Amino acid sequence: MENNFKMVAKTLYGFEELLEKELRQMGAMDIKKGVRNVSFVGDKGFMYKANLGLRTAIKILKPIESFWVKNEEDLYKKVYNIDWSQYLKPTGSLAVDATVHSKLFTHSKYIALKTKDAIVDKFRDTTKERPNIDLRFPDLKINVHIDRQQCTISLDTSGESLHKRGYKTATNIAPINEVLAAGMVMLSGWDGQCDFMDPMCGSGTILAEAAMIACNIPPNLMRKEFAFERWQDWDVDLFETIEESLLKKTRDFHHKMIGYDKSPSAVAKAKANIKNAHLDEFITIQHEDFFKTQKAGEGKLHMLFNPPYGERLNIDMEQFYANIGDTLKQGYPGTDAWFITSNLDALKHVGLRPSRKIHLFNAKLESRLVKYVMYEGSKKAKFNE
């Protein structure tokens, strides 16, 4: 068991329970939920698996040291004392980023700089060589986290944020973050057992994430690189074994997934992204104005979308949200309709009572994920006449 170590998966506000559940299903040990993060224990193979397979994680950190710091010089000394040679060659490259929640330390960039200086000086003093700084593709990415006086030094196992799945080549004005999209699909209870629709699909992110969830496809298979691939202990055979084991767990999907958008350019982008993600056998994208459509077919429909908000498009918000309510009422019986909005005033104009409201953030905008259940009621009344 000595090959196991602690890791911290960072996530978005409101997704902590989803991430905890994902980690439990994946087989993580000693799981502890925090705010915007969940810590857990696993081995190197599990680190690879978590990066490939977690849908709601933004980053996976591997803490290597934790200590109290009194001031910047104290930080420098304690970072200098770490044996960096086990993580990096003297001729390698590094990048440091810092997050600081402290009255003593107020400038995260200065903390990152001080950390970098300590590592570089240690190599120069012990080997007469010094690593380079490479902000884009470093051999080692280091994260410094200071909470009051508690400092944790971690290795960033992921590199670029895990929302950058690798399938998106084309985006719209305000594309939804892939991790946010995946979390919304999971919160909505989508299980792949009925038809799915995004009636304002933009560049297709919600549809892509929903299809991967329905088919149990690992979300990060298409990424060009993870940070751990540049580590000294990178094990390509182990990584490929983990990848294959995840791919064996994919499942079939036997329903329809439909995306509408009234913008021809959005339709073209969505089609390109869906094709790039190898999901075009499951998803159909059509050039349609949602407000002029009706539900196709009799079965249950699961709908999830991200309608435009005032900051994105110059539209009459009150009328727009009233049209959403009218279209759902008149054209979409037997539908569970979910959407996210940061325009809380406009919600009042939908004219329907939401059965659920979940507090989330879309980037920095405080938002609500709302659910409207459209019953088959009017149809039943007709049959009884």
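Rules used throughout
Residues numbered from 1 in each chain as written. Predicted model: local features only at pLDDT ≥ 70, side-chain atom pairs only at ≥ 80, totals over all residues. Heavy atoms only, no water. Salt bridge = Lys/Arg side-chain N within 4 Å of Asp/Glu carboxyl O. Helix = DSSP H or I, 4+ residues; strand = E, 2+ residues; numbered from the N terminus. Buried < 20%, exposed > 50% of the residue type's maximum accessible area, 1.4 Å probe, protein only. Pairing = 2+ DSSP bridges. Axes fitted to C-alpha atoms, helices over the stretch in contact; angles between N-to-C directions. Contact = heavy atoms within 4.5 Å. Core = buried A, V, L, I, M, F, W, Y, C linked by side-chain atoms within 4.5 Å. Parallel < 35°, antiparallel > 145°, perpendicular 65-115°, else oblique. Left-handed = near helix turned anticlockwise from the far one by under 90°. Nonpolar A, V, L, I, M, F, W, Y, C, P; charged D, E, K, R; others polar. pLDDT = per-residue confidence, 0-100. Lys, Arg positive; Asp, Glu negative; His and termini not counted. Phe/Tyr/Trp six-rings, centres within 6.5 Å; stacked < 30°, edge-to-face > 60°. Lys NZ or Arg CZ within 6 Å of the ring centre and 35° of its normal.

Thoughts on the pattern of salt bridges
Taken as a whole and judged by the stated rule, the model has 21 salt bridges. Residue glutamate 209 pairs with arginine 165 through a salt bridge whose shortest N-O separation is 3.0 Å. You can see glutamate 209 sitting in helix H6 (residues 205–215) and its partner arginine 165 sitting in the loop between strand E8 (150–156) and helix H5 (178–187), a full 44 residues away along the chain. You can call glutamate 209 buried: its relative accessible area is 0%. Taken together, the salt bridges that share partners define one network made up of Lys59, Lys141 and Asp156.

Some words on the sheet that holds strand E10 (residues 257–261)
Taking strand neighbours across the sheet as the criterion, the 7 strands line up as E11-E10-E9-E12-E13-E15-E14 in an open arrangement whose pairing is mixed. The open sheet is flanked by strand E11 (283–287) and strand E14 (356–362), the only strands paired with a single partner. Going from strand to strand, the sheet's axes swing by 20° on average, the running direction of each strand aside. Note that strand E12 (residues 301–305) and strand E13 (residues 335–341) share 5 bridges and pair parallel. Bridged to methionine 303 within E13 is alanine 337. Each of E10 and E11 is contacted by helix H8 (residues 264–276), which is oriented at about 165° to E11, the strand it contacts most. On the sheet, helix H9 (residues 317–331) packs against E12, E13 and strand E15 (365–374) and is oriented at approximately 170° with respect to E13.

Quick word on the nonpolar core
One finds Leu23, Phe40, Ile60, Trp84, Ile142 and Ile153 to be the most contacted residues of the largest nonpolar core, which totals 53 residues. Looking at which element gives the most residues to this core, the answer is helix H4 (residues 108–127), with 6 residues. Among the nonpolar cores identified, the runner-up in size contains 42 residues, and Leu180, Leu187, Ile213 and Ile340 belong to it.

Focus: the sheet that holds strand E7 (residues 140–147)
Strand order in the open sheet formed by 8 strands is E2-E3-E1-E4-E8-E7-E5-E6, and the pairing between neighbours is mixed. The open sheet is flanked by strand E2 (29–33) and strand E6 (132–133), the only strands paired with a single partner. Inspection of the sheet shows E2 paired to strand E3 (residues 37–42) by 3 bridges, in the antiparallel sense. By the bridge assignment for E3, methionine 29 is matched with valine 41. Of the strands in this sheet, strand E1 (5–10), E3 and strand E4 (59–68) touch helix H2 (residues 44–53), which is tilted by about 10° from E1. Running over the sheet, H4 touches strand E5 (93–101), E6 and E7 and is turned about 140° from E5.

Considering the packing of H5 against H6
Close contact between H5 and H6 brings their axes to 9 Å; oriented N to C, the two are set at 55°. When the interaxial angle is binned, H5 and H6 end up oblique. Relative to H6, H5 is oriented so that their crossing is right-handed. For the pair H5 and H6, the contacting residues are Glu178, Ala181, Ala182, Met184, Val185 and Met186 in the first and Thr205, Ile206, Glu209, Ala210 and Ile213 in the second. Among the residues making up the contact of H5 with H6, the classes are represented as 8 nonpolar, 1 polar and 2 charged.

Notes on the confidence of the model for the chain
Mean pLDDT for the chain: 94, with 95% of residues reaching 70 or above. Counting interchain partners and residues more than four positions distant, the pLDDT-below-50 stretch residues 379–385 has 2 contacts.

As for unusual backbone geometry
One can expect most non-glycine residues to show negative phi and most peptide bonds to be in trans. Positioned with a positive phi, asparagine 216 is a non-glycine residue whose angle comes to about 55°. Inspection of the secondary structure assignment puts asparagine 216 in the loop between H6 and helix H7 (236–247).

Quick word on the side chain of arginine 55
Its place among the elements puts arginine 55 in the loop between H2 and E4. An unpaired buried charge is present at arginine 55: no salt bridge exists, and glutamate 22, the closest side chain of opposite charge, is 4.7 Å distant. In contact with arginine 55, not counting residues within four places along its chain, are Glu22, Arg165, Val179, Ala182, Met186, Met212, Ile213, Asn216, Ile217 and Pro219.

A word on the packing of aromatic side chains
Counted under the stated rule, the structure contains 23 aromatic pairs. Measuring from centroid to centroid gives 5.5 Å for tyrosine 48 and tryptophan 234, while their planes differ by 65°, and the two rings are edge-to-face. Residue tyrosine 48 is located in helix H2, and its partner tryptophan 234 is located in the loop between H6 and H7; the two are separated by 186 residues in the primary sequence. For the ring pair phenylalanine 226 and phenylalanine 228, a centre distance of 5.1 Å and an interplane angle of 10° mean the geometry is stacked. Across the pair, phenylalanine 228 and phenylalanine 226 agree in class, each one buried. Site record: aromatic cluster; members linked through ring pairs are Phe290, Phe291, Phe305, Phe320, Tyr321, Tyr332, Phe339 and Tyr372. In this arrangement the basic side chain of lysine 62 is found over the ring face of phenylalanine 5, its NZ or CZ atom lying 4.2 Å from the centre.

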